[in-house]
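Tertiary structure, described
Here is what each chain is made of, one letter per residue.
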Amino acid sequence: MFPDSDVASVSDEDFDLDDDVSSDAVVACPFNLDDIPVAQEVDDDEAVPQEAIFDGLFLQQEGAQGDGPTWEQTPVTTLNLSSLERMFRINDRSTAIKLLNRRVNVVLDTDLKLRADDPNLLWKGSKHFLDFILVVSGKIGLDAFLPKTVADHNFSLTLNLRLQSRQFRPKFGKLGFDPTGSMMAIGDGQSTELWLGFCPVGNLEDIDLANDSPLLSEKHGDTRLTSVHYRMGIMFLACLLSQIPSMPVHVMYPYGPRTDFNEWKIEDATNVLSQRTINLRLQDVLLLNRLMKLQYDDFVANAPPSWLKDGWLQQHIPISVACRYGQNQPIASTDRHALRVEARNWNLERDYTNIRYMSMAIATHISCEVVRGWVEVPTNDILAVHDVVYNSPDADIRQPVDLPTLPLREPGSQREINIYDEEGRRIPRLNGRNRADGPKCGLLVNLETIPQLFSSYVAHDEHLDLDADILDVDDEQVAKLNVYPQAFLRKYGHLQSTSILPHFKTFVKKVQANIARGRRANMVNVDHEHDDEDANDDVHPDDDNKPDNNNSIPPAIIACGCQFYNEISHRIRPNAGLHEVQQGRVTSVLSGAYARGIGKHIYSALMHNCRLSLPHQRYNNSINLDNVPRDLRLENIYILQLDSIDPAKRNGTSIYLDVVVPLARAWSHPHVCDALRPHLAIFVPRAFPQLYQWMTFGITSLLERIWEHQNPLLKLSKKPSPQMIEICAMLERALAYAHTGNAKVLSSSLMKPFWLVRSLLQQGWPTMAPTVRLVATTTIPVSVSPADWPIVTRSNLPAIASKRAQILNYGLDHFEAYKAEFHIQLSIHNPSPNAFMQYDQDLRHAIIIAVVAFESFVADVKTLISASVAKLCADLDNQDTHASTLEAKTRCLNLKKWLSCKHPLSYLDRAFEYLLRAIVGDPTDYSFGLPNPTKEKLSVRDFAKLIVNMSRSIDPVPVAAPLISTASSPMVFKVAYIYMSKFVPRHSPDSATQFLQNAFIIAANHLHINNIPWHLSGGRGRRHRKPHFESWINLGKAAQLPSAKSLASQGNNGAEEASQRAQASDSRAAWAACSITLQSLPEYLSRTVPPDEFSMDSIALDKSESKDSIVRQTYQWAFAEFDISKPLHQLAILVGIYVSKLIPNLFYDLDNRPDHEHYKTMFAFTQAVRAMTWMPNSSRKGCKIAAQFIAMVPVYIMAVFDRSSPLHDHFDKARSFPTAWNKKHSNKGIGPLLLIRLGLAKARSGRIWKGGVFNIDWSVLTRDEVAKYHQNIIDMLSDREFGPYRVAQFLFGSYTAHSLGISSQTYVVNPGVASTSLGKHAVSSSSLGKRTASTSTSAEDADDEVEIYEMDNPASRRRRIH
C-alpha cells in the first residue's frame, strides 16, 4: 500500500477517483493551532479532548482521582529551569533521562522570565499581516475570481480539473451553506485556490437562510463531491470551455455516452482532462463567467433522468469561492503613501458587488525587548505630528494637556506619564536605546489568567471606555477557550477561542456603525454603479448614517474567533504537517524494519534521513539564530457580510481603509494592549525558544539512546521489538505535545497507563510510571515487561501508539501484520494463566498464536458483511417504497445486533439468527438458512488446511475464500504461520503440518467459528475466488433435516428455526443443555464441544476465595482439561445433565436411611443406598439452578476420578479433601453419596452419611468399570425412543425415572417398564432401613450432598431430610 494521501481519508462509499483524475496529497491550509500532523493522529476513541488541558490548569490542585497509590506516593522534585539549561549545555543525558521517572515541578528563574511591568521593557505592536482570506460570491458564476477591470495583460487563471481528491480545508470563515459534499476544486490563480461551491438554491435565494448557516469552524462532513456529482460538474465546465474559441476542448457527449455512470469515463465524453492544466486569460474568464450564468439552467433542464434522480443537480447552483492563506502579507502600513497604494490594489483586485461573504484573518505582532536606556522624544517632534495631545484614551474624560509643561515621569515611581492622540492611542515620549535588529524577548500567554479577559463582564477601570451594550455583541454563546501549553510548561503557551476579546468589540462596533447599510430592503438584488475605482477611496459616512433599529439587518461584520501564538510557530511549522519533531520519524524508521515490498524503499529513505540527523537535532539547528522570531502573534478572524454593507462602502478601498486597517491597528490601542499585557509571560532572548530544548531534553536524550541502540541492529536487518517501537512512539508523541500543546497527539490507551497523560495535563512535566524502566546505558535504554504492557479492554489487544505513523508510511496491511506480531509476542510471553493448559507447551503457544490470527479474520468478516449490507440497505432506501424501506431497516437492525455479538460466526447469543436476517431479505427464505450457492461442504480440518496452505512461507496457494485478499488477515495469518512454525515437531514435515492444522482447529473451536463466508458459485469463465456476503459454508457435519420447503411458511420464526436446524447439523456448534429435553440428548452425542453451561460463568465462587485456592484451581483445571472424546469426560457431562433435570430432588429421608450393620457385604449396602427415594430439601439454597449442576457435577466427577487433578494433589498431601471443596459442593447435594447413588462409587463404611474419607469409607469405579458404565449409557441412548428414559432408570431407579418423565415431559416413558416398576415400589420405603443383606434392591430415588453431614451439633439437625 502506498503512503497516505488525501484519498485515504475518504469515508463516503460513493467517492471514487476517476481514472483520469490525480490525487492532491500536498495542499496548503490555514495555520490553525488545533491542527496536528497526520502522523500523530489517533483514533477518536483514544483521543484526549483539548478541554482536558484547560481543566487540568484548575482542577489538579483539588486532587483528581489517581491511577493508584504509586502516583500519589511518588515524591515531587522541584527543579529550576536553569538546572535544565545546564543539563542541556553539558549534555548530561543520564540525569535528564532519570528525571522522566520523577514528578518534577519546574520553577522559572527570575533572570529568565521577566515581569510584564518591568520598566526596561519596550513594547511594540505596529506590524500587521493578512494571513487568510476567503471570498464567496452571492450569485452563479465566477465573480470571486474576477478583478475589477476589463483588461489586464498580467492576469491569468489556471484551471486544474484533476483535483477531485482535494478537500476544502479552511476551518475559519463562512460559506453560507454546508460544505459537505459540495466543494469542487478547479484550479489556482493569483496565489489563490479556486473552487466551485454547489450551493443549495434556497441558501442562494434566501439571505437569512444563508446567514444562519453554520460557520466553517463547526463540524461538517467530507467536502468533496461524490464521483457522480463530480462528473456532472466536469461535464458542465467542459461544455462551457468548448464554446470558447481559444480553448482546445471538445465535448462528444454532454451527459456521457451511457445512462449508467459506472459504464463510462470522462475521457469517453470529452477531452477536457487531456491537459493537466488549462490557462485562461482575463477575456476567457469573463466569457466563461457569462456562459455559466446563461446556460446552467438549460444544462440542468436538458439533463437525462439518470442525472436528476437524486435531485442534487436541480437543487444546487455553482458559485465561485476563492481562498488564499499562508501568504502573511503586511498590511496597514504606517506610511501614508503605501497605505493609499494598498487601498487602490484592494479596490482593483475584485468587484465586490456580487460577493456575499468575505472572511479574513488579521494578525498583529506584539513584540517586547529589553532596552539599555531611554531617550526623550523632543516635545517639538511630538507637536509637529499631533496638534492636540490628551491625558487619557477615554474620550469622555480626557483633557488636553500642555505638553511643554507636563512632567516626563511620575515623581515616585519614575514611570513615564503617558499622553494620547485624538484616536486614544498612546504617544511615546521615550524611545528605547537598543542594538538594531537585536534579539527580542519571547512571549507566551499565561493560560491560567487569560480566561479572565474573555469573560463577558469586564470590571470597571477608570482608564477604559467600555460600554456594556458593546460588550454583549455576538455574546449569545459563551466563548470556548482551548489552551495549548508549550514546552511542558503547563500554564504558559498558546490559545484559541471562538470569540474575540471583549475589550476588542468596541472597535468592531465602530467599524459596524461606519460601514453598515441603513435599511433592510433590497439587500440582495441591488444594482451597484461604482465604476470609478477611486471615487470612494476617501468616502466616510456621516454619523447619522447608522442602521435603522426598526428595520434590523444582519451585522455587516462578525468576529468569529481568535488565536494567540508565538511567531516562532510560523518559522518552525508553516502548517501542521511540516514540523520536524512532530512527524514520528524515528517511530516510522523502527517500524519500517517490518516493511515488505514497496515499503522497503520508503523505509530506506526514512532511515537515510534519520542517520544524517534526528528530527529534534534539525529543530535545534533551525532555532540556532539570534534573530529567530519571538513576537506574539495575535490573530482575529472576521466575516464580512457584504449584503449588509452600505452600497457606497461596498468596494475594495472602503473595505481596506474602513475595516481592515482599523481592526489591525486596534491591538495597539491602550484599551486592548494594556488589558492584555499582564497576562503574558516574557522570557529573555537566551531562554526563548531554547526552553523547548531544555524542557524536552530528557525526552530527546532517551530518543537518542534508543536510536543509538537500535541503529546498529537495523544495519544488520534485525527487527526492533514492538515494545521498543511503541515506547519510541509514545516519546515522540510527548515531544509533539511539547511543541504543539495539542491533546490530540496523546494516545490515551498507551500513555494513560504509563502516567504520561496525567502528568502532562496536571503538572506539565512528562513523568513515566515505574513500569517503564529507564537504564542509564545504551545497552537497553528503556524496557517494559510484557506483563505490564497495557491491554485495550474492548478489543483485548495491546495498546499501540504508532498506528497512524505506520499506516501513513507503509499502509494498513503493514500495520495489521505488525499489530498481529506484537499481539503474538505478548501472548507468548505473557499468556493467560489458564489458557489451553490441557495441551503441551509447544501446542499451547501455537494455539494462542492461531487465536490472534483468527481474531483478525473475524474482524475482516465483520467489515465485509457490514460494508456489503450497508450498501445494500442504501440501495433499498433509494427505491423509496414501503417494502424496501422496511427491509432495509430490518437488515440494518439485525446487522447492528450481529456486530455486537461476542462470537459473530457462532450460534451463541443468537448470532446466526441476526446474521441470517441481515443477509437474507425475504423472511420466507429464512428456513433455508445462510445462502450456500456452491452447495459445498467443509469440515473444520478442511478450513485449517486452507489456512495453512495460503499462509505458508514456501509455495503458498493464492489467497481465496474464506480469506479476503484485500483485507489484513491474510498477512496476519502469514505472520502467525512464521511464529507457529517455531514450535512444530522437527522429525517430519507431515507431523509439522498436522501440528499446525490442529492448532488452527483448536483455535477455531475456541472462538466458535461455525460459519464462514465463501465464494459465489462458478459459472462459465473465470472461477470466483473472493468471499461474498451472500455465500456461506458451515464447518460442521450436516445431518438429515426436514425439508426446507416444508418450513418455508414459518414466517418470522423462520430465522430462529433455521438457526436451530443449522446448529443441529453442526457437530461444533455451541449448545445449551438447559434448553433441550433429555429425549433430544442423543442428537447431541456427536457434539465435539461441551454445553455452554460447562464454564466458569456458571460457578458462583466465593468472592473472598483467592486466585490460588484449591477450589478455583480445580475448576480451572477441569475446564482446561476437558476433552469430550474421553469416556470419563463425556460420561461426566451426561450425568451432570441428568442430575440437573432432577433437582431439587437430590436428598433423602434421614429417618429411613439404611444401616450398614444390617448388610453382610458393602455391595449390598451400596445397593440399598442406591434404592433410597430421591427427595427435595426445601431448606437448602442453591439447589434449583440447573446450569450450576451441569458445570459442578462433571467437574466433581473429573476431579475425583483423575489422579492428576489439583484435588488429588491436595489429597496426596493432606489425606483428605479440602474443607472449602467439601463445603462448596455439599451445600448442593454433590459429594460421595451422590456418586454412590448414581452407581459411580462404592460404599465401604457407614461413615458415608457424613462424607467419609476417600478410599477408606468410599471408593470410585475402576477405569474398566467406568468404560463399561459409559458404554452402557451410550448403548441405551442409541434407542432414540426410550433410551433417555432407560438412562434415567439406570441412574435414579424406575420410580424416580417414571415420576421425572411424567412431571417434566423431558423424555418419553416406556409404559410397560413403568407399570412393572411402580408395582415393585409398593413396598413401604420405611422398611428400607431394616432390610437384610440379602434384600434385592434396584437403584432408587435419593438425594445427596457432598459431605452430607459434617455438622457436629445434633441440635442443628432440625430437618430429617438430607
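Residues numbered from 1 in each chain as written. Predicted model: local features only at pLDDT ≥ 70, side-chain atom pairs only at ≥ 80, totals over all residues. Heavy atoms only, no water.

**What to know about the overall build of the protein**
Across its full length, the protein holds 46 helices and 28 strands. For the protein, buried positions account for 56% of its 1362 residues. Intrachain contacts of the protein at a sequence separation of at least 6 include 78% that bridge at least 24 residues. When the accessible surface of the protein is totalled, it reaches about 58,900 Å², and 50% of it is carbon and sulfur. (Helix = DSSP H or I, 4+ residues; strand = E, 2+ residues; numbered from the N terminus. Buried < 20%, exposed > 50% of the residue type's maximum accessible area, 1.4 Å probe, protein only. Contact = heavy atoms within 4.5 Å. Areas by Shrake-Rupley, 256 points an atom, 1.4 Å probe, with all protein chains shown as cover.)

**Here we look at the pairing of strand 7 (residues 192-200)**
The element strand 7 is largely enclosed, with a buried count of eight among its nine residues. In this sheet, strand 7 lies alongside strand 6 (residues 183-189) in antiparallel orientation, the contact comprising six bridges. Looking at strand 7, one finds that Gly187 is bridged to Leu194. (Pairing = 2+ DSSP bridges.)

**With respect to the packing of aromatic side chains**
Following the criterion strictly, the structure yields 49 aromatic pairs and no others. An angle of 85 degrees between the planes, with centres 5.1 Å apart, marks the rings of Phe168 and Trp195 as edge-to-face. Here Phe168, found in the loop between strand 5 (157-159) and strand 6, pairs with Trp195, found in strand 7; they are 27 residues apart in sequence, far enough to count as distant. Grouping residues by exposure puts Phe168 and Trp195 together as buried. Arranged with centres 5.4 Å apart and planes meeting at 75 degrees, the rings of Trp1174 and Phe1292 form a pair that is edge-to-face. Of this pair, Trp1174 sits in the loop between helix 38 (1162-1170) and helix 39 (1186-1201) while Phe1292 sits in helix 44 (residues 1283-1292), and the two are 118 residues apart along the sequence. Judged by its relative accessible area of 0%, Phe1292 is buried. Each member of the aromatic cluster is reached from another via a ring pair, and the members are Phe236, Tyr255, Phe261, Trp264, Tyr296, Phe299 and Trp307. (Phe/Tyr/Trp six-rings, centres within 6.5 Å; stacked < 30°, edge-to-face > 60°.)

**Considering the pairing of strand 16 (residues 481-485)**
Summarising burial for strand 16: five of the five residues are buried, a large majority. Of the two faces of strand 16, the one holding Leu481, Val483 and Pro485 and the one holding Asn482 and Tyr484 are both buried throughout. One ladder, built from five bridges, connects strand 16 with strand 17 (residues 492-497); its direction is antiparallel. Paired with Val483 across the strands is Leu495, a residue of strand 17.

**What to know about helix 41 (residues 1219-1226)**
Taken residue by residue, helix 41 has Trp1221, Asn1222, Lys1224, His1225 and Ser1226 as its buried positions. Close packing links the buried residues of helix 41 with helix 36 (1110-1121), helix 39 and helix 40 (1206-1214).

**Topic: the pattern of salt bridges**
Applying the stated criterion across every chain, the model contains 33 salt bridges. For Asp131, the salt bridge identified is with Arg633, shortest N-O distance 3.5 Å. Within this pair, whereas Asp131 is found in strand 4 (residues 121-140), its partner Arg633 is found in strand 19 (residues 632-641), the two being separated by 502 residues in sequence. Comparing Asp131 with Arg633, the two get one shared label, buried. Between Glu448 and Arg490 there is a salt bridge; the shortest N-O distance is 3.5 Å. (Salt bridge = Lys/Arg side-chain N within 4 Å of Asp/Glu carboxyl O.)

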